[in-house]
Amino acid sequence: MGNRGITLRSEDFSAWYNDVIMRAELADYAPVRGCMVIRPRGYRIWELMQAALDGMLKETGHENAYFPLLIPQSFLAKEAEHIAGFAPQTAVVTHAGGKELEEPLVIRPTSETIIYSMFSKWIQSYRDLPLLINQWANIVRWEMRTRLFLRTTEFLWQEGHTAHATESDAEAEALLILRLYRKFMEEWMAMPVVTGLKTESEKFAGALRTYSCEGMMQDNKALQAGTSHNLGQNFSRAFDVQYQTEEGSRDYTWNTSWGASTRLIGGLIMTHSDDNGLVCPPRLAPVQVVVVPIWRKDEEKSAVLEAGQRVEADLKKAGLRTALDDRESMKPGAKYFEWEGRGVPVRLELGPRDLAENKVVVARRTGGKAPSPMTDIGATVTGVLEELQQQLFEDALERREEHSHRNLDRSGFIELMEGQGGFVYGGFCGGARCESEIKEKTKATIRVLPDSEFRSPEPQDKCMWCGNKAVSEAVWAKAY
RNA sequence: CGGGGCGUGGCGCAGUCCGGCAGCGCGCCUGCUUUGGGAGCAGGAGGUCCCGGGUUCAAAUCCCGGCGCCCCGACCA
């Protein structure tokens with residue numbers, strides 16, 4: 001345990017993670033097992049994520065809609081792989097209105113079935129395509145083991161569902177979203193991710209192909225942070241989503257679905273936070289800058305508070321999310337600890353000495369503080385926040401590269417996974433047997449077959465595990 | 001479902017072995033003094049000791065049964 005009442009990362013990463021969440025008041029455990037309450041400080045992060053992602057989705061032509069929580073149980077069964085994948089995880093409503101229902105209703109574990117059943121009503125002609133729909137929703141998946149934000153029974157997400165006239169249009173859409181997710185994760189969350197294709201065993205139940213963004217957490221484990229699926233015609237055939245082509249023939253639509261969830265908040269926490277608590281990237285910080293006024297005597301107090309209000313007004317004018325901590329019962333040091341635990345990126349300390357010099361002390365959450373002129377404080381802090389945002393990304397990227405390994409042989413791989421872990425790039429023969437054997441022996445799985453820009457400079461032509469000819473490069477890691 | 005840990009004021013814990021007034025730290029309320037890295041003093045509020053049985057003059061403590069939570073693994077975003 002560190003001196004902040006937070007378990008040290010080096011002692012127990014899981015306990016640290018929970019401590020950070022509790023300290024920052026992001027969430028709390030609900031009465032029902034596996035369920036969580038997202039508290040205001042956590043929900044605000046989600047709202048900021050939503051605003052950013054929603055904007056990006058709208059810019060690329062997607063429209064929001066809302067589909068119901070309850071799905072007829074029979075719908076789920078219409079796509080064979082889908083039902084096989086999700087049936088064990090569903091919660092089912094069997095009684096309502098004091099009576100047993102004729103057909104049980106499934107609480108959505110994802111909305112493909114209800115959405116494509118509606119698409120079949122709405123789509124008649126190639127002129128109706130592409131249909132680009134997104135929804136922000138809650139879903140329920142009955143998990144064996146849950147963790148705050150990372151895996152809870154109920155969670156919030158956006159799920160996009162699109163219908164296209166051709167396979168290549170659908171493929172382009174799936175890749176567009178993958179890039180969009182990556183952009184969001186890098187530019188807003190300051191979380192670098194490796195993108196690529198999931199193997200058959202890891203892909204979404206019912207998809208042709210699944211693409212994924214994988215981040216590396218501070219314990220060197222991978223977090224699947226967003227997935228984008230090319231569904232092919234699996235669901236359009238199951239739900240009879242047909243359209244008339246330009247030539248007059250009939251065809252099934254080509255579909256995609258993709259999602260990113262409140263799990264991202266867990267990723268944000270585990271990417272940046274430290275032993276003093278949450279570190280929130282500025283662009284997603286509920287409070288970006290807090291002003292802490294300092295005074296000894298009453299005559300100082302009024303002058304300092306007045307200056308503090310002026311400073312806060314300047315910050316607000318610069319478009320920043322601010323707080324002025326003018327609580328009288330707390331000493332400045334105590335306030336510092338509190339706001340640090342909450343992850344606020346920048347703190348301004350303002351006392352009589354600073355006031356006399358027309359300055360404020362600018363303190364960064366990641367360390368270091370220095371006086372700065374009060375004039376143009378809005379612009380100054382804006383600049384510091386941009387630097388911090390950039391610095392968090394670069395630090396995370398550097399950490400990921402430090403723990404990314406190439407050219408390991410089988411025994412080196414095993415040794416690494418038994419020790420500190422990390423990402424391992426290497427050749428993969430494509431064999432399901434190698435894949436499952438590796439998982440069994442080391443707990444590591446193929447996170448993705450990486451996109452070209454993440455691949456090793458030298459060709460990976462032999463399977464890292466069996467030594468046979470490789471069909472592609474793969475990235476292995478233990479995962480959340 | 002297996003293994004480990006735990007359930008005692010809001011939070012963190014001691015007390016349980018060996019039964020005997022329900023405690024400590026933090027937080028909370030009131031007042032005064034304080035305020036440049038977790039303030040001090042004084043006064044105060046707050047408890048079905050996870051639940052149900054049993055043993056006993058007497059149970060947080062012993063016995064039997066149950067429930068819940070956290071961590072590790074199997075399932076998964």
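Preceding this paragraph is the structure being described.
Thresholds, definitions, all that
- Residues numbered from 1 in each chain as written.
- Chains lettered and ligands numbered in written order.
- Predicted model: local features only at pLDDT ≥ 70, side-chain atom pairs only at ≥ 80, totals over all residues.
- Heavy atoms only, no water.
- Pairing = 2+ DSSP bridges.
- Helix = DSSP H or I, 4+ residues; strand = E, 2+ residues; numbered from the N terminus.
- Axes fitted to C-alpha atoms, helices over the stretch in contact; angles between N-to-C directions.
- Near = heavy atom within 4 Å.
- Polar contact = N/O pair within 3.5 Å; in protein donor to acceptor, adjacent residues only side chain to side chain.
- Contact = heavy atoms within 4.5 Å.
- Salt bridge = Lys/Arg side-chain N within 4 Å of Asp/Glu carboxyl O.
- Buried < 20%, exposed > 50% of the residue type's maximum accessible area, 1.4 Å probe, protein only.

Colleague: Run through the sheet that holds strand β6 (residues 99–107), naming residues and quoting values.
Modeller: Sheets are built from strands that pair by backbone hydrogen bonding, the pairs being arranged parallel or antiparallel. Strand order in the open sheet made by the three strands is β4-β6-β5, with antiparallel pairing throughout. Each edge of the open sheet is held by one strand with a lone partner, namely β4 (70–72) and β5 (91–96). With direction set aside, neighbouring strand axes in the sheet form an average angle of 45 degrees. The pairing of β5 with β6 spans five bridges and is antiparallel. Considered in β6, the bridge of A91 is made with I107.

Colleague: Give a detailed account of the protein's contact with RNA strand B, specifying residues and quantitative values.
Modeller: Close to RNA strand B lie 39 residues, the nearest being R145, R151, F155, R263 and D354. A share of 47% of the atoms of RNA strand B within 4 Å of the protein falls on sugar and phosphate groups. In this structure, a base nitrogen belonging to RNA strand B sits 2.5 Å away from a main-chain N or O atom of T152. Within the side chain of K331, one N or O atom sits 3.3 Å away from a phosphate oxygen of RNA strand B. Of all the elements in the fold, those that place two or more residues in the surface near RNA strand B are α1 (13–23), α10 (332–341), β17 (346–350) and α11 (352–356).

Colleague: Go over the sheet that holds strand β7 (residues 131–140) with me, naming the residues and quoting the values.
Modeller: Pairing is mixed in the open sheet, where eleven strands are placed in the order β3-β7-β8-β14-β11-β10-β9-β22-β23-β21-β20. Each having just a single partner strand, β3 (63–64) and β20 (404–406) make up the two edges of the open sheet. Here strand β11 (residues 222–232) pairs with strand β14 (residues 254–261) via five bridges, running antiparallel. Bridged to S228 within β14 is W258. On the sheet, helix α12 (residues 377–402) packs against β9 (193–197), β10 (209–216), β20 and β21 (423–428) and is oriented at approximately 35 degrees with respect to β20.

Colleague: Describe the pattern of salt bridges, listing the residues and the values that go with them.
Modeller: When the charged atoms of two side chains lie near each other, side chains of opposite charge can form a pair. All chains considered together, the criterion is met by 28 salt bridges. Here E81 makes a salt bridge to K203, at a shortest N to O gap of 3.9 Å. In this pair, E81 is assigned in helix α4 (residues 80–86) and K203 in the loop between β9 and β10, connecting sequence segments 122 residues apart. Its relative accessible area of 16% is what places K203 among the buried residues. In this structure, E214 and K198 form a salt bridge, with 2.8 Å as the shortest nitrogen-oxygen distance. In this pair, E214 sits in strand β10 while K198 sits in the loop between β9 and β10, placing the two residues 16 residues apart along the sequence. Of the two residues, E214 and K198, both sit in the buried class.

As far as function goes, none of this settles anything; it's purely spatial.
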